[in-house]
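Examination of the molecular architecture
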Amino acid sequence: MIRVVEHLPLPLAHIVIEDVQVDIARLNDPTLQASRYQDPTRLDENLRIACLMRDGYQCQSCHKRETRLEAHHLVFRQHGGKDTLSNLLTLCESCHHRVHEGKITLAVTGVSGHLDHIAQRSMQGKAHLYATLEQGISLTTLFGYQTAIWRKHLDLPKAHDVDALCIATYGTGEVIPWQQDRFYQVRFRPRRTRRHYHDLPRKGQGRVRYQVNSELEGFRKGDVVRVKGTFVKQINSIYSDGYLAFPRVKGEPSKARPKDCVLLERGTTMLWKRMAG
């Protein structure tokens, strides 16, 4: 997203980003506004919801689903247990009471921190994204449910480009006609594949490189070319038989000889394409 903003060939005055699907804090209090978000109980609710989601909304002792579920501290708070996702486990109300009464002993001493690390990296990445984009450009956010409300109010279909239009106009209330030919699609293409070798060694050859042909008559993977004076294509790969290969599009060539191509842009990793109406 940062790369798209940096290379966008249009002036930007404001950025609007859609955040999570629901505002968990406002589920408990629809009137919640501004500084009231600092209420410390919000952290507990976030942790409880995250714990239940991670465990599939199922008691991890009796495996019931359609019942009241609670987040249990594996290491009790009075024993120094922390309010972290790795120290929580989903239990139904009955099993939770029985654990604290000593009638049930859980066969777990902790929960893998793998998902915790993913969530932590996501939050760090989001904070970095916001801080970077805000440098010189004003930025606001809205929740997914707000996008849905505005889309339904405008009676528009559920689609990515429609959501983008609704996100951009939610704050102003401006009604802009949904015309697909006004949208551009951004595609990313790495300069080289991450796969360096074929999975299995070949007899008498050992490990064989996956991407054998890196250049052909001055053309490289990722270059944008004009084919036969008409089609603008990006080179996907280079075949050993002397052809440049392109993404398959009906009615357009999927490959061509270098002599039929003219270089337009060298090794770009981002391709803009105007969407057809």
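Residues numbered from 1 in each chain as written. Predicted model: local features only at pLDDT ≥ 70, side-chain atom pairs only at ≥ 80, totals over all residues. Heavy atoms only, no water.

What to know about the overall build of the chain
What counts here: What counts as a helix is a DSSP run of H or I of at least four residues, what counts as a strand is a run of E of at least two, and both are numbered from the N terminus. Type-normalised accessible area, obtained with a 1.4 Å probe on protein chains alone, sets the label of each residue: buried when under 20%, exposed when over 50%, and partly exposed for intermediate values. The criterion used for residue contact is that any of the two residues' heavy atoms lie within 4.5 Å.
Helix and strand content of the chain: seven helices and 14 strands. In the chain, which comprises 277 residues, the proportion classed as buried is 31%. A separation threshold of at least 6 residues defines the contact pool for the chain, and within that pool the share at least 24 residues apart is 52%.

Re unusual backbone geometry
Residue tyrosine 57 is not a glycine yet carries a positive backbone phi of 50 degrees. Looking at the secondary structure, you find tyrosine 57 in the loop between helix 3 (41-54) and strand 2 (69-73). Residue class for tyrosine 57 comes out partly exposed when judged on its relative accessible area of 40%. With a phi close to 60 degrees, aspartate 155 is a non-glycine residue in the positive phi region. Classification of aspartate 155 by relative accessible area gives exposed; the value is 68%.

Some remarks on the pattern of salt bridges
Rules: A carboxyl oxygen of Asp or Glu within 4 Å of a side-chain nitrogen of Lys or Arg is what we treat as a salt bridge.
Summed over all chains, the structure comprises eleven salt bridges. Aspartate 55 is paired through a salt bridge with arginine 54; the nearest N and O atoms lie 3.1 Å apart. Residue aspartate 55 is classed as buried on the basis of its relative accessible area of 12%. Via salt bridges that share partners, Arg68, Glu70 and Glu93 belong to a single interconnected network.

Remarks on the packing of aromatic side chains
Stated formally: In summary, the pairing rule links any two rings of Phe, Tyr or Trp, Trp by its six-membered ring, whose centres are within 6.5 Å, and it sorts them by plane angle into stacked for under 30 degrees, edge-to-face for over 60 and tilted for everything else. Consider the ring centre and the ring normal. A charge sits over the ring if Lys NZ or Arg CZ is within 6 Å of that centre and within 35 degrees of that normal.
If you walk through the whole model with that rule in mind, you get one aromatic pair. Between the aromatic rings of phenylalanine 143 and tyrosine 145, the centroid separation amounts to 6.1 Å while the plane-to-plane angle is 15 degrees, which identifies the pairing as stacked. Over the ring of tyrosine 197 we find arginine 207; its NZ or CZ atom is 4.4 Å from the centre of that ring. One residue, lysine 255, lies across the ring of tyrosine 243, its end atom 4.5 Å from the ring centre.

Here's the deal with the sheet that holds strand 12 (residues 255-256)
This is how it is decided: For two strands to be treated as a pair, DSSP must find no fewer than two bridges joining them.
Spatial ordering of the open sheet is given by 10-11-12, a layout of three strands whose pairing is antiparallel. Sheet topology places strand 10 (237-238) and strand 12 at the edges, where each strand pairs with a single neighbour.

So, a nonpolar patch on the surface
Under the convention used in this document: Residues forming no salt bridge and having over 30% relative accessible area are the ones grouped into patches, like charges within 9 Å of each other and nonpolar side chains (Val, Leu, Ile, Met, Phe, Trp, Tyr) within 5 Å. For the area figures, the Shrake-Rupley method with a 1.4 Å probe applies, and any residue is considered shielded solely by the protein chains shown.
A contiguous nonpolar patch, built from Val232, Val262 and Leu264 and spanning about 250 Å² of accessible area, is present on the exposed surface. By the secondary structure assignment, valine 232 is in strand 9 (residues 231-234).

Examining the layout of surface pockets
The condition that has to hold: Buriedness for pockets is judged along seven lines, at least five of which must meet protein on both sides within 12 Å for an open set on the 1 Å grid over protein atoms alone, while cavities are sets there where a 1.4 Å probe fits but cannot get out, and lining residues have an atom within 4 Å of a point. Grid points are joined across faces, edges and corners, and a volume is the space filled by probe spheres set on the points. When residues are sorted by character, Ala, Val, Leu, Ile, Met, Phe, Trp, Tyr, Cys and Pro go into the nonpolar class, Asp, Glu, Lys and Arg into the charged class, and all the rest, Gly among them, into the polar class.
Size it by volume and the largest pocket reaches roughly 1,700 Å³. Surrounding the largest pocket, 45 residues form its lining, Val16, Ala164, Leu165, Ala168 and Phe183 being those nearest its centre. With eight residues, helix 7 (residues 160-169) is the largest single contributor of residues to the lining of the largest pocket. A breakdown of the residues in the lining of the largest pocket according to their chemical character gives 26 nonpolar, 13 polar and six charged.

A look at the environment of threonine 105
Summarising the element assignment, threonine 105 is placed in the loop between helix 4 (93-100) and helix 5 (114-133). Linking threonine 105 and serine 61, residues 44 residues apart in sequence, is a C-alpha distance of 9.5 Å.

A closer look at the sheet that holds strand 8 (residues 224-227)
Put simply, the rule reads: Only the contacting stretch of a helix is used when fitting its axis, a line to C-alpha atoms as for every element, and angles between N-to-C directions run 0 to 180 degrees.
Spatially, 9-8-13 is the arrangement adopted by the three strands of the open sheet, whose pairing is antiparallel. Two strands in the sheet have a free side with no partner beyond their single neighbour: strand 9 and strand 13 (261-265). For this sheet the average axis-to-axis angle between neighbouring strands, irrespective of direction, equals 35 degrees.

Looking at helix 4
Two residues of an α-helix separated by three or four positions point the same way, owing to the 3.6 residues in each turn. What counts is decided by this rule: It is the directions from the helix axis to the C-beta atoms whose arc is reported.
Considered for burial, the residues of helix 4 that qualify are Cys95, His96 and Val99. On an axial view of helix 4, the arc spanned by its buried residues comes to 105 degrees, and they lie on one face. Where helix 4 terminates, the next one or two residues include glycine 102, which has phi positive at roughly 80 degrees.

Brief notes about the environment of glutamate 265
Residue position: glutamate 265 is located in strand 13. Sequence separation of glutamate 265 and arginine 226 is 39 residues, and the distance between their C-alpha atoms is 9.7 Å. Setting aside chain neighbours within four positions, we find glutamate 265 in contact with Asp223 and Val224.

What to know about the packing of helix 6 (residues 144-153) against helix 7
For clarity, the cut-off: Between 65 and 115 degrees an angle is taken as roughly perpendicular, under 35 as roughly parallel, over 145 as roughly antiparallel, and anywhere else as oblique.
Contact pair helix 6 / helix 7: the axes reach a minimum separation of 9 Å and the direction vectors enclose 100 degrees. When the axes of helix 6 and helix 7 are compared, the pair comes out roughly perpendicular. Contact with helix 6, carried on its side by Thr147, Trp150 and Arg151, involves Val162, Asp163, Cys166, Ile167 and Thr169 of helix 7 and no other residues of that element. Split into classes, the residues belonging to the contact of helix 6 with helix 7 amount to four nonpolar, two polar and two charged.

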